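# Fold and geometry: a report
Below, each chain spelled out in residue letters.
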Amino acid sequence: MYRKIIAFFTIFIMIISLSACGNKDYSEVSTKTKDNNNSKGDKIEVVVSFNPLKEFAEAVGKDKITVTSIVSGGIEPHEFEPKAKDLENINKGKIFVYNGLGMEPWAEKVLKTIENKDVIIVKASKGGNFIKTSEEEEGTHGEYDPHIWLSLKEAKVEANNIKEALIKADAANKEFYENNYKDFASKLDNLFNEYDKKFKEVKNKNFVTGHEAFAYICRDFNLQQNSVENMFSEGEPSAKKLKELVDYARKNNVKTIFSEGNVSPKVSEALASEIGAKVESIYTLETKEDNKNYLESMKDNLEKIYVSLK
Ligand SMILES: [Zn+2]
């Protein structure tokens, strides 16, 4: 997505992530539905707000569901506003899944207007272990960092909440959903264990990204991110911050600047050329990129970060 900041790409903002971890049990899988057994073999229609939730739903529901993502086509979810058609789709679905934590301010409004009271509503982040946003962010963006799906551990929480909703909607296939969830969760665990070992072996723990979306990866693997934009893709440019970031990168011998599809690579390229580093792509998973699924994208991210720290 195009942003104003792109015009000012010689200037950057850096926020060093030193967020403490929040821990708050959040919201609900609402139980508006009585019995919805899907004994006829019809596919369950699941509507999700944006890409990672689609990935999780598909991993658990496989061929027994169809998933529609409200935010699609490369649009950045942070800037999304729904149209009438989107509300219609939510009303037609059996299940509506959103992330919460301020990722979809529109969704919380939409929920009040849903006419079809049988829609099962899932706040996927429910029960997660959240990272608090910095104090200056909190006023405008809520208390917690919403990028929870970028933690392999929190991904299990989100997938599990979706699984519970699928069972509620389609109890006849409970075992199918349970087994798919277990299979997906063990793949997440395996990937976590593989990189937990690798990251413990490297001394350097600092990496630089375009959009501060990776605090959960940092927490999982004891790393530290520094970003050229603020956490919510709307940072105010500042020459002072640019200089700090350049100094930081030099001091820490940063050789790779990560760049996300949603963030102008020009920002990262300018910084990289200033310090003689290369630019590598990294996935926020906020939109689907390169036709990679969740596990493939996360493995790619972790491997690239690991290689950059070695
Ligand atoms: Zn984001």
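Residues numbered from 1 in each chain as written. Predicted model: local features only at pLDDT ≥ 70, side-chain atom pairs only at ≥ 80, totals over all residues. Heavy atoms only, no water.

In the annotation of an unreviewed UniProt entry, the entry for the chain reads High-affinity zinc uptake system binding-protein ZnuA, and the organism field reads Clostridium homopropionicum DSM 5847.

## Side note on the packing of aromatic side chains
Tallying each qualifying case throughout the model produces 14 aromatic pairs. Taken together, a centroid distance of 5.0 Å and an interplanar angle of 80° make the contact between Phe-50 and Trp-149 edge-to-face. With Phe-50 in the loop between β2 (44–48) and α1 (51–61) and Trp-149 in the loop between α4 (135–141) and α5 (152–169), this residue pair connects regions lying 99 residues apart in the sequence. As far as burial versus exposure is concerned, Phe-50 and Trp-149 are alike and both buried. Considering the side-chain rings of Phe-56 and Phe-184, the 5.9 Å spacing of their centres and the 55° angle between planes classify their relative orientation as tilted. Note that Phe-56 is positioned in helix α1 and Phe-184 in helix α6 (residues 174–201), a separation of 128 residues in sequence. One aromatic cluster is present, formed by Phe-192, Tyr-195, Phe-199, Phe-221 and Tyr-306 through successive ring pairs. Above the face of the Phe-176 ring, Lys-64 is positioned so that its terminal group lies 4.7 Å from the ring centre. When the ring centre of Phe-192 is taken as origin, the NZ or CZ atom of Lys-153, which lies over that ring, is 4.0 Å away. (Phe/Tyr/Trp six-rings, centres within 6.5 Å; stacked < 30°, edge-to-face > 60°. Helix = DSSP H or I, 4+ residues; strand = E, 2+ residues; numbered from the N terminus. Buried < 20%, exposed > 50% of the residue type's maximum accessible area, 1.4 Å probe, protein only. Lys NZ or Arg CZ within 6 Å of the ring centre and 35° of its normal.)

## Some remarks on the sheet that holds β2
Strand order in the open sheet made by the 4 strands is β3-β2-β4-β5, with parallel pairing throughout. The strands lining the two open edges of the sheet, one partner per strand, are β3 (65–69) and β5 (120–123). When the angles between neighbouring strand axes are averaged without regard to direction, this sheet yields 20°. Across 3 bridges, β2 lies against strand β4 (residues 95–98) in parallel orientation. Residue Val-46 lies in a different strand from β4, and its bridge partner there is Ile-95. Where α5 meets the sheet, it contacts β2, β3, β4 and β5, and its direction lies at approximately 170° from that of β5. (Pairing = 2+ DSSP bridges. Axes fitted to C-alpha atoms, helices over the stretch in contact; angles between N-to-C directions. Contact = heavy atoms within 4.5 Å.)

## A look at the packing of α6 against helix α10 (residues 294–309)
It is at 10 Å that the axes of α6 and α10 come closest, and there the two elements cross at 5°. On the basis of their axis angle, the class for α6 and α10 is roughly parallel. On α10, the residues touching Phe-184, Lys-187, Leu-188, Leu-191, Glu-194, Tyr-195, Lys-198, Phe-199 and Glu-201 of α6 are Tyr-294, Leu-295, Met-298, Lys-299, Leu-302, Glu-303, Ile-305, Tyr-306 and Leu-309. Here the contact of α6 with α10 is built from residues that sort into 12 nonpolar, no polar and 6 charged. (Parallel < 35°, antiparallel > 145°, perpendicular 65-115°, else oblique. Nonpolar A, V, L, I, M, F, W, Y, C, P; charged D, E, K, R; others polar.)

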